[in-house]
Amino acid sequence: RKKLYATMLIVLFLASFMMIIPWNTYQTIADSSFSKYLGFGEMDLMVSMYQSDAPIEREQQINHSLEQNSQIKQFVQVTSKSFKVKKTDGSEEKLVIEMGDHDAFPIEYNSGQAPQNENEIALSSLNAVEFDKTIGDSIEIITNQGTRQMTVSGIYSNIFNGGKTAKANFEDSTAPTLWLNYYIQL
């Protein structure tokens, strides 16, 4: 009779597993703050624009459409650009930096806060580990105009771009734009 009880116990465990895991997954994803832990603020829509033949015209079209649409309560443009970073051993590594207003659609930071000044940067947790940086540490960004000393203001979780991004407020028109994101609240 032990085999009969063992079979019933296994069926009970499998049935529980088949009910509990999807329910927990649904509850996690359905939570309105879930996106904040993924590196995105609480928004209704995200529009991404990648490289095109006429990027400035497309950007102006999208901005005009968003400004004229009465159903849109708020939107912000975040530009992702590629820079190089000097590591502690002197080598250089590519870093994708999201530049824009990061307070419009705030995210949850593991530690610290969003960059407030032009000399502050927030790193994704994977970049913080790779560059061996914590809050208050300095990191050197290489731009076409020279190097910029940035202070790490926050560390956050992110799934976008392999989990290796950064957030900053400075502007640089010479760095190549990888893509534009529009965060939209209806």
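Residues numbered from 1 in each chain as written. Predicted model: local features only at pLDDT ≥ 70, side-chain atom pairs only at ≥ 80, totals over all residues. Heavy atoms only, no water.

We now examine the layout of surface pockets. Put simply, the largest pocket is a space of about 230 Å³. Looking at the lining of the largest pocket, its residues break down into two nonpolar, four polar and three charged. Counted as a void, the second largest pocket has a volume near 190 Å³. Together, 13 residues line the second largest pocket, and Met 49, Pro 55, Glu 59, Thr 177 and Leu 180 are the ones closest to its centre. Put simply, the parts of the chain that give the lining of the second largest pocket at least two residues each are β1 (45–50), α2 (55–68), β2 (74–86) and β9 (177–185). Top contributing element to the lining of the second largest pocket by residue count: β9, with four residues. Here the residues of the lining of the second largest pocket are counted per class, giving seven nonpolar, five polar and one charged. (1 Å grid on protein atoms, 1.4 Å probe; cavity = no way out; pocket = protein on both sides within 12 Å on 5 of 7 lines; lining within 4 Å. Points joined across faces, edges and corners; volume = space filled by probe spheres on them. Nonpolar A, V, L, I, M, F, W, Y, C, P; charged D, E, K, R; others polar. Helix = DSSP H or I, 4+ residues; strand = E, 2+ residues; numbered from the N terminus.)

Turning next to the side chain of Lys 133. One can find Lys 133 in the loop between α3 (125–130) and β6 (138–143). No salt bridge is formed by the buried Lys 133; its nearest oppositely charged neighbour, Asp 137, is found at 5.5 Å. Residues in contact with Lys 133, not counting those within four places in the same chain, are Thr 88, Leu 123, Ala 128, Ser 138, Ile 139, Val 152 and Ile 155. (Buried < 20%, exposed > 50% of the residue type's maximum accessible area, 1.4 Å probe, protein only. Lys, Arg positive; Asp, Glu negative; His and termini not counted. Salt bridge = Lys/Arg side-chain N within 4 Å of Asp/Glu carboxyl O. Contact = heavy atoms within 4.5 Å.)

Leu 95, Ile 97, Ile 121, Leu 123, Ile 139 and Ile 141 are the most contacted members of the largest nonpolar core, which has 18 residues in total. Every element with two or more residues in this core is listed here: β2, β3 (92–99), β5 (120–124), β6, β7 (146–156) and β8 (165–168). Counting residues in each nonpolar core, the second largest holds 10 residues, with Phe 40, Val 96, Trp 179 and Tyr 183 among its members. (Core = buried A, V, L, I, M, F, W, Y, C linked by side-chain atoms within 4.5 Å.)

Note on placement: Leu 180 falls in strand β9. Between the C-alpha atom of Leu 180 and that of Asp 137, which follows or precedes it by 43 residues, the distance is 28 Å.

This next bit is on the packing of aromatic side chains. Evaluated as defined, the whole model comprises five aromatic pairs. Measuring from centroid to centroid gives 6.2 Å for Phe 105 and Tyr 183, while their planes differ by 90 degrees, and the two rings are edge-to-face. Taken as a pair, Phe 105 in the loop between β3 and β4 (109–112) and Tyr 183 in strand β9 lie far apart in primary sequence, 78 residues in all. Given a relative accessible area of 6%, Phe 105 falls into the buried group. (Phe/Tyr/Trp six-rings, centres within 6.5 Å; stacked < 30°, edge-to-face > 60°.)

Our next topic: a nonpolar patch on the surface. The grouping of Ile 10, Leu 14, Phe 17, Met 18, Met 19, Ile 20 and Ile 21 at the surface amounts to a nonpolar patch, some 760 Å² of accessible area in total. Examined against the element boundaries, Phe 17 turns out to sit in helix α1 (residues 2–30). Since its relative accessible area comes to 51%, Phe 17 is described here as exposed. (Patch = residues over 30% accessible without salt bridge, like charges linked within 9 Å, V, L, I, M, F, W, Y side chains within 5 Å. Areas by Shrake-Rupley, 256 points an atom, 1.4 Å probe, with all protein chains shown as cover.)

This part is about unusual backbone geometry. One non-glycine residue with positive phi stands out, namely Asp 132, at about 55 degrees. Here Asp 132 lies in the loop between α3 and β6.

This part is about the environment of Thr 134. Relative to the elements of secondary structure, Thr 134 occurs in the loop between α3 and β6. Residue class for Thr 134 comes out partly exposed when judged on its relative accessible area of 46%. C-alpha separation for the pair Thr 134 and Ile 155, spaced 21 residues apart in sequence, amounts to 7.6 Å. Apart from residues no more than four positions distant in its own chain, Thr 134 is found in contact with Val 152 and Ile 155.

What follows concerns the pairing of β8. Here β8 shows no split at all, with Thr 165 and Lys 167 on one side and Ala 166 and Ala 168 on the other all buried. One ladder, built from three bridges, connects β5 with β8; its direction is antiparallel. Bridge pairing in β8 links Leu 123 to Ala 166. (Pairing = 2+ DSSP bridges.)

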